[in-house]
Amino acid sequence: MLGLMQDWPLLCHKILDHAATYHPKRSIVSRSVEGPIVATNYRDVRSRALRLAKRLDKDGIKLGDRVGTLAWNTWRHLEAWYGIMGVGAIYHTLNPRLFPEQIAEIVNHAEDRVMMTDLTFMPLLEKLAGKLPTIERYVVLTDAAHMPATKLKNAVPYEEWIGEVDDDFRWASFDENTAAGMCYTSGTTGGPKGVLYSHRSNVLHSMIAALPDAMGLSSRDVIMPVVPMFHANCWGIALTAPMTGAALVMPGAKLDGPSVYELLNEHKVSITAAVPTVWLMLLQHLEANKGELPYLERVIIGGSACPRAMIKAFQDSYDVQVIHAWGMTEMSPLGSLGSIKPEYAHLTGEAQLDIQVKQGHPPFGVEMKITDDAGREQPWDGKTFGRLKVRGPAIASSYFKGEGGQILDEHGFFDTGDVATLDEHGYMHITDRSKDVIKSGGEWISSIELENLAVGHPDVAEAAVIGVRHPKWDERPLLIIVPKKDRRIAKDDLLKFMEGKIAKWWMPDDVVFVNEIPHTATGKIQKITLREQFRDYRLPTAAE
Ligand code: ADP
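Before going into details, it helps to say that this report is about the structure given with it. (Residues numbered from 1 in each chain as written. Predicted model: local features only at pLDDT ≥ 70, side-chain atom pairs only at ≥ 80, totals over all residues. Heavy atoms only, no water.)

1. Points about helix 8 (residues 237-244)
In an α-helix, one turn spans 3.6 residues, which is why side chains three or four residues apart end up on the same side. The buried count for helix 8 comes to eight of eight residues, which makes it a mostly enclosed element. Listed in full, the buried residues belonging to helix 8 are I237, A238, L239, T240, A241, P242, M243 and T244. Count one or two residues on from helix 8 and you reach G245, which has phi positive near 80°. (Buried < 20%, exposed > 50% of the residue type's maximum accessible area, 1.4 Å probe, protein only. Helix = DSSP H or I, 4+ residues; strand = E, 2+ residues; numbered from the N terminus.)

Here's what the structure looks like:
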């Protein structure tokens, strides 16, 4: 027997309708790419998104078409997302930090028909234009006064383009499983892999993200997503904020310490989110200028592991609660968040930090398990680590055009490629990427734990650990160190520093000193390049 409830498809534009109806005047403040601060609200953003949808419709953009965006977080980019989704087309965010050839490859793979771009990225697109045959029109997110001369095909300034029509338009209507958005993983291996969000998954993810133990958003919040809309679906914020009626502050192109600081205080931001490198810049600025954060209540930190010292600095020096979060593009992206459950509420100081450096516990809508290589589930004891696998309604079931083939196990779980522990209360702790974990004599050594330990040495700027071939143990850890400027470190001193803090058999077999460690477009250590670089490295222990 079926339930007798209304059929109300979960469509993303209903989120903006809700915001415009019940929170019409809630502010959306942006640092525009042209420079000035621009203030608008949900009612006006909806009206302009409707115009955009009508204008796209006039150009023949229809259900299932892809529209690329190369843009910072501003009200115009927000309008673009909703306008695109509102005609049943798919917003396709592109990460401008990728290599230009990668951007071209991704646009061509997605077959984007229109490209909406900020002024910032016009030179990049002008260089690539000959290689982007599917793009029929470039819409530059600016007005006629700021529009430079360009040879980009059918290029128009956004304001004039949407100004050609009014907002008398009805959102398209379709099945809630229709594709809404698209984001490619920065995929360090193989070809580009597109994740295709649906209207349903985006709406459900927004509800999940809003939950009190997740972002805990309400209409009383002012949220600033410093995390770009092109990074993993903006961690859901572009949808969760209007759903809850939270006010938005959009930082535009300036993500440096002073610029972020200014927006946080000027606009009374209560909650914000970004990767650790952004917060490192803010904390340095705060420290150098004796700054304060009187309005900020919570900061969500994820994308890579949040250092313990960062959590401590926010909480102890600025009275801002840190929520360490983990996720991935394939998960829309939230997978777990580190709010404190009652079981840990009694903890303070270092013991509390021990919990907060973990990546948190999954909200409703994310199931998690850890398994060994044979797929056997591992215990939730906070010690045993295994491959982290996830299942849920906002998690990818396959990639666009079937790239990478079948990605779920026989129980429908997606292998995240991360290695983690789970404790008895469901708190997950990432110990490695499965490609990076060092397999020594059948046992696993966490490269991340060794790196974290090594960077604790006062003369170390950056550390990377990779597995190097060993005749007896298969692989043993090699520690690669970038010393701080003008500092010299002796190998033995460093190893002595690590002694006693890890199991004896985890100790790196050798240490090498380099000037630089390679990074990916999203700022993560590029282990593939390092492994290639040290492929023939002979460990001193190899002769034993
Ligand atoms: P990108 O590489 O473009 O940032 P994703 O955001 O999809 O793409 O990256 C997801 C991966 O980032 C995760 O599988 C995990 O390895 C890593 N990651 C994300 N958040 C954290 C975190 N809090 N701690 C450690 N690793 C993290």
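The rest of the description comes next.
2. With respect to the packing of aromatic side chains
Following the criterion strictly, the structure yields nine aromatic pairs and no others. Clustering of aromatic rings is evident, with ring pairs tying together F385, W444, W505 and W506. Sitting above the plane of the W8 ring, K14 keeps its charged end 4.0 Å from the centroid. We note K193 situated over the ring of Y399; from NZ or CZ to the ring centre the distance is 5.5 Å. (Phe/Tyr/Trp six-rings, centres within 6.5 Å; stacked < 30°, edge-to-face > 60°. Lys NZ or Arg CZ within 6 Å of the ring centre and 35° of its normal.)

3. Here's the deal with the packing of helix 2 (residues 42-58) against helix 3 (residues 75-86)
The N-to-C vectors of helix 2 and helix 3 enclose an angle of 55°; their axes lie 8 Å apart at closest approach. As summarised for this structure, helix 2 and helix 3 are arranged oblique, according to the angle between their axes. As for the relative orientation of helix 2 and helix 3, their crossing is right-handed in sense. Along the contact surface, helix 2 presents V45, R48, A49, L52, A53 and L56, while helix 3 presents W75, R76, L78, E79, A80, Y82, G83 and I84. Tallied by class, the residues present in the contact of helix 2 with helix 3 amount to ten nonpolar, one polar and three charged. (Axes fitted to C-alpha atoms, helices over the stretch in contact; angles between N-to-C directions. Parallel < 35°, antiparallel > 145°, perpendicular 65-115°, else oblique. Left-handed = near helix turned anticlockwise from the far one by under 90°. Contact = heavy atoms within 4.5 Å. Nonpolar A, V, L, I, M, F, W, Y, C, P; charged D, E, K, R; others polar.)

4. Here we look at the sheet that holds strand 1 (residues 27-31)
Ordered in space as 2-1-11-10-12-13-14-15, the eight strands form an open sheet in which the pairing is mixed. The open sheet has two free edges, formed respectively by strand 2 (37-41) and strand 15 (334-337), since each of these has just one partner strand. Within this sheet the neighbouring strands show an average axis-to-axis angle of 20°, counted without direction. Across three bridges, strand 14 (residues 321-327) lies against strand 15 in antiparallel orientation. Within the sheet, the bridge partner assigned to A325 lies in strand 15 and is L337. Contacts between helix 11 (residues 308-318) and the sheet are confined to strand 13 (298-301) and strand 14, with strand 14 contributing the most and set at about 145° to the helix. (Pairing = 2+ DSSP bridges.)

5. Things to note about the side chain of E330
Mapping E330 onto the fold places it in the loop between strand 14 and strand 15. K193 is the oppositely charged side chain nearest to the buried, salt-bridge-free E330, at an N-O distance of 6.4 Å. Every residue in contact with E330, bar those within four places of it in the chain, is listed here: T185, V195, A394, I395, A396, Y399 and F414. (Lys, Arg positive; Asp, Glu negative; His and termini not counted. Salt bridge = Lys/Arg side-chain N within 4 Å of Asp/Glu carboxyl O.)

6. Things to note about the layout of surface pockets
The computed volume of the second largest pocket comes to approximately 330 Å³. Taken together, 24 residues line the second largest pocket, and the ones lying closest to its centre are L196, I395, A396, S397 and S398. Of all the elements in the fold, those that place two or more residues in the lining of the second largest pocket are strand 9 (193-198) and strand 17 (386-391). It is strand 9 that contributes the most residues to the lining of the second largest pocket, five residues altogether. (1 Å grid on protein atoms, 1.4 Å probe; cavity = no way out; pocket = protein on both sides within 12 Å on 5 of 7 lines; lining within 4 Å. Points joined across faces, edges and corners; volume = space filled by probe spheres on them.)

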